[in-house]
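# Observations on the three-dimensional arrangement
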Amino acid sequence: MFKKIMKGGHKKPSKSEASDPLPAPYVAANRNSPAAPSANVMVNHASRGVGGGAPPSSGTAMPLVPTPGSMEPVPPFRDAPVSERQNLFLRKLHMCCYVLDFSDTMKNVREKEIKRQALMDLVEFIQSGSSKMSEHCQEEMIRMISVNIFRCLPPASHENTGQEPTDPEEEEPSLDPTWPHLQLVYELLLRYVVSAETDTKIAKRYIDHSFVLKLLDLFDSEDPREREYLKTILHRIYGKFMVHRPFIRKAINNIFYRFIYETERHSGIGELLEILGSIINGFALPMKEEHKLFLVRALLPLHKPKSVSMYHQQLSYCITQFVEKDFKLADTVIRGLLKYWPLTNCQKEVLFLGELEEVLEATQAAEFQKCMVPLFRQISRCLNSSHFQVAERTLFLWNNEHVVSLIAQNRTVILPIIFDAFEKNISSHWNQAVHGLTVNVRKMFMEMDTELFEECERQHAENESKAKDVAELRELNWKRLADAAAQNGVEDMVTT
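Residues numbered from 1 in each chain as written. Predicted model: local features only at pLDDT ≥ 70, side-chain atom pairs only at ≥ 80, totals over all residues. Heavy atoms only, no water.

The protein chain is annotated in an unreviewed UniProt entry as Serine/threonine protein phosphatase 2A regulatory subunit of Sphenostylis stenocarpa. Under Subcellular location (unreviewed entry), UniProt gives the following word-for-word description of the protein chain: "Cytoplasm". What UniProt records for the protein chain under Function (unreviewed entry) is the sentence "The B regulatory subunit might modulate substrate selectivity and catalytic activity, and also might direct the localization of the catalytic enzyme to a particular subcellular compartment." (UniProt positions renumbered as here; feature names shortened; annotations may be inferred.)

### Looking at the overall build of the protein chain
Broken down by element type, the protein chain carries 24 helices and 0 strands. Taken across its 496 residues, the protein chain has 47% of its residues classed as buried. Nonlocal contacts in the protein chain, meaning residues at least 24 apart in sequence, comprise 76% of its contacts between residues at least 6 apart. Carbon and sulfur atoms form 54% of the exposed surface of the protein chain, whose accessible area is close to 26000 Å². (Helix = DSSP H or I, 4+ residues; strand = E, 2+ residues; numbered from the N terminus. Buried < 20%, exposed > 50% of the residue type's maximum accessible area, 1.4 Å probe, protein only. Contact = heavy atoms within 4.5 Å. Areas by Shrake-Rupley, 256 points an atom, 1.4 Å probe, with all protein chains shown as cover.)

### Regarding the packing of aromatic side chains
Taken as a whole and assessed by the stated rule, the structure comprises 16 aromatic pairs. Arranged with centres 5.5 Å apart and planes meeting at 75 degrees, the rings of Trp 341 and Phe 352 form a pair that is edge-to-face. Separated by 11 residues along the polypeptide, Trp 341 in the loop between α16 (330-339) and α17 (346-361) and Phe 352 in helix α17 bring together distant segments of the chain. By relative accessible area, which is 0% here, Phe 352 ends up buried. Considering the side-chain rings of Trp 398 and Phe 445, the 6.2 Å spacing of their centres and the 70 degrees angle between planes classify their relative orientation as edge-to-face. Here the residue Trp 398 occupies a position in the loop between α19 (388-395) and α20 (401-409), and Phe 445 occupies one in helix α22 (residues 432-448), the gap between them amounting to 47 residues. Looking at Trp 398, the relative accessible area reads 4%, which means it is buried. (Phe/Tyr/Trp six-rings, centres within 6.5 Å; stacked < 30°, edge-to-face > 60°.)

### Overview of the packing of helix α10 (residues 209-217) against helix α11 (residues 224-240)
It is at 10 Å that the axes of α10 and α11 come closest, and there the two elements cross at 150 degrees. Put simply, α10 runs roughly antiparallel to α11. For the crossing formed where α10 meets α11, the hand is left-handed. Contacts from Val 212, Leu 215 and Leu 216 of α10 reach α11 at Leu 230, Ile 233, Leu 234 and Ile 237. When grouped by side-chain class, the residues that make up the contact of α10 with α11 number 7 nonpolar, no polar and no charged. (Axes fitted to C-alpha atoms, helices over the stretch in contact; angles between N-to-C directions. Parallel < 35°, antiparallel > 145°, perpendicular 65-115°, else oblique. Left-handed = near helix turned anticlockwise from the far one by under 90°. Nonpolar A, V, L, I, M, F, W, Y, C, P; charged D, E, K, R; others polar.)

### Description of the packing of α10 against helix α12 (residues 245-263)
With their axes 11 Å apart at the nearest point, α10 and α12 run at an angle of 35 degrees to one another. In this structure, α10 crosses over α12, and the sense of that crossing is right-handed. Facing His 209, Val 212, Leu 213 and Leu 216 of α10, the residues of α12 in contact are Phe 247, Ile 248, Ala 251, Ile 252 and Ile 255.

### Description of the nonpolar core
Counting residues in hydrophobic clusters, the biggest one holds 129 residues, and the most contacted among them are Phe 256, Leu 299 and Trp 398. The residues touching Leu 299, leaving out its near neighbours within four places in the chain, are Phe 256, Leu 273, Ile 280, Phe 294, Leu 315, Cys 318, Ile 319 and Phe 322. (Core = buried A, V, L, I, M, F, W, Y, C linked by side-chain atoms within 4.5 Å.)

### A short note on the confidence of the model for the protein chain
A residue-level look at the protein chain finds 81% of positions with pLDDT of 70 or above and a mean pLDDT of 84. A low-confidence stretch, residues 1-66 stays under pLDDT 50, and its non-local contacts, those more than four residues away or across chains, total 101 contacts. (pLDDT = per-residue confidence, 0-100.)

### A short note on unusual backbone geometry
Looking along the chain, the bond that leaves Leu 285 and enters Pro 286 is cis, with omega of -5 degrees. Checked against the element boundaries, Pro 286 lands in the loop between α13 (269-281) and α14 (289-299). Unlike most non-glycine residues, Glu 264 shows phi in positive territory, near 55 degrees. Note on placement: Glu 264 falls in the loop between α12 and α13. Using a relative accessible area of 31% as the deciding quantity, one classes Glu 264 as partly exposed.

### With respect to α16
Think of an α-helix as turning once every 3.6 residues; residues three or four places apart then point the same way. Summarising burial for α16: 7 of the 10 residues are buried, a large majority. Burial in α16 covers these residues: Ala 330, Asp 331, Val 333, Ile 334, Gly 336, Leu 337 and Leu 338.

### Remarks on the pattern of salt bridges
Taken as a whole and judged by the stated rule, the model has 23 salt bridges. Put simply, Arg 458 and Glu 455 hold a salt bridge, and the shortest N to O gap is 2.5 Å. One end of the pair, Arg 458, and the other, Glu 455, are both in helix α23 (residues 450-488), 3 residues apart, so they sit about a helical turn from each other. The exposure class of Arg 458 is partly exposed, given its relative accessible area of 40%. Here Glu 455 falls in the partly exposed class, since its relative accessible area comes to 37%. Here the residues in one salt-bridge network are Arg 151, Asp 176 and Glu 226, joined through shared partners. (Salt bridge = Lys/Arg side-chain N within 4 Å of Asp/Glu carboxyl O.)

### Some words on the side chain of Asn 148
Positionally, Asn 148 belongs in helix α6 (residues 135-149). Under the relative-accessibility criterion, Asn 148 is labelled buried at 9%. A polar contact of 2.9 Å, which involves the side chain of Asn 148, links it to the backbone oxygen of Met 144. If we ignore the near neighbours within four places in the chain, the residues touching Asn 148 are Cys 96, Cys 97, Val 99, Lys 115, Leu 182 and Val 185. (Polar contact = N/O pair within 3.5 Å; in protein donor to acceptor, adjacent residues only side chain to side chain.)

### Side note on α23
In this model α23 runs 57 Å from its N-terminal to its C-terminal C-alpha over 39 residues, within 8% of the 57 Å that 1.5 Å per residue would give. If you check which residues of α23 are buried, you get Leu 452, Phe 453, Cys 456, His 460 and Ala 485. Measuring from the backbone nitrogen of Glu 451 back to the side-chain oxygen at the start of α23 gives 3.4 Å, which picks out Asp 449 as the cap. Once α23 finishes, Gly 489 follows within two positions and takes phi at roughly 95 degrees, a positive value. (Expected span 1.5 Å × (residues − 1).)

Dropping the structure here:
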C-alpha cells in the first residue's frame, strides 16, 4: 500500500500541465534582452481575444537564447556533411527563437540579417526533402514557430486612438513591421505541413488542438499578408490532419458567434469563409445534421453585421454551396435571407439581391413554392425602392432564365403580389432606367398569360377606385370636422 501511495506521489504531469510554463528561450528573450518584444503588452480590447498571446504549448524547454552580441552566422546546409545536418538544423532553430525588435529599423540590423538568412536556409532545407527530420527536430521546429508567430496582436486603429469606430471598408490595412521574418516562419510551417515527408502521426503531437486554436486567433491580424498565409496553412492542416477536422469547424463556429453577437469586428471572417467554402464542397451526402445547424446558426446570421460587405462574396459562395449540395435547404436559406433583409442600407440590399439570384438558380420548383409568397412580397417592396440601384437590381432577376421559369410556373400566385408595384413604378418612379425595365417585365407577364394579366389589371383598377373612394371619404370627414370647429369655436373644441 505504501509503495502505491509513493508511486501516486510522482504522477507524470498531463500535457496541459506541461504546456503551462513559458518555454525557456521565450522567457530568456523577455528577461535578458532589450530587443525582445517588450512592446508585446497584453491589450484587452473588444475585437481580439487574449488567446493569441498565449505561450507555445507542449514539449521540453529549449536551450537559452543567446544575447544579441553573441548571435553569429551558422554555416549553410550545403557546407555541412549529411551526418551533421540535423545538429545544424537544431542550431539554426535555436537562433531563430530570438524575437527581434522591428520598431526601430536601425536596431539589431546585423542580428536581423543573420536570423533572416537562417530562416531562409530552414525553408530551403524542408522544401528540398533531402533528409528526413527526427521527431526531436520536428518538436523544436514547432516550438520555434510558436515563439515567433504566437504573439499579442496590436489594438485596432480605432481602439488605439480612442476615436469612434469607422467603416471597416474605409480603414487602411495595418502592416506588421516584423513581416520580413514572419513571412519566412509562415513559409517554413507551410512547407512542413504540405511535405510528403511529414508523418501526421508524429506531427499531430505538436500541431495539436492548442496550436490550431492559437493559429485561429491570429486570423484577427490586420495585416492581409499574414491572413493569406494563415488561410493556406489552416486549409492544409484541415486536409492533412483528419483528427482535427471537427475541432477546427467548431472553433471557427465560435469565432463567428463572437463576431455576430458580441464584437461585430474581426479582420479574418472573409478568409475563414474561404476555407469553409472548400470544406462545404467536400461534405458527403446525405448531409449531417451538424452541418445543417452550422448553416442556420452561424452562416445565415453572418448577414446581420453592418460590415457584411467585407466578406459577402465568400459568404454567398458558402450559402450557395449548401443549396447545390442539398436542394431541400433552399427554403431554409431564402427564409433566412428574408429574416436578415436590410431595411435602410441600400448597398447591403443590392448584395442580398445578388445572393438571392444565385440561390434561386440552384432552387427547384417544390422548394420555391414553399417560400414564394413572402419572397415576392419582399421583391415587391424592392421594386418600389426609391434607390434606383435596388429597383434596377430587382428587375434584373427577370434576365435569369431559371428564375423566369420558376416565376412562369407559379405566375397565378406571383403576379397578383407584384402587379401593383409594376403599376406604381410606371406611373411615378423618378428613374428612367427603372421605368423602362418595369415596362419590359410587365410586357413579359402580359405575353406569358394575357387572361391572368387582364384579371390583375381589373383588380388593380378596382383597388385604385376603392382607395380613391376611401381618400375622398376621409377628406369629407375632415371637412365636416373643420366646419364643426368653425361653428362651435376652436376654444370650445379644445376644452371639450
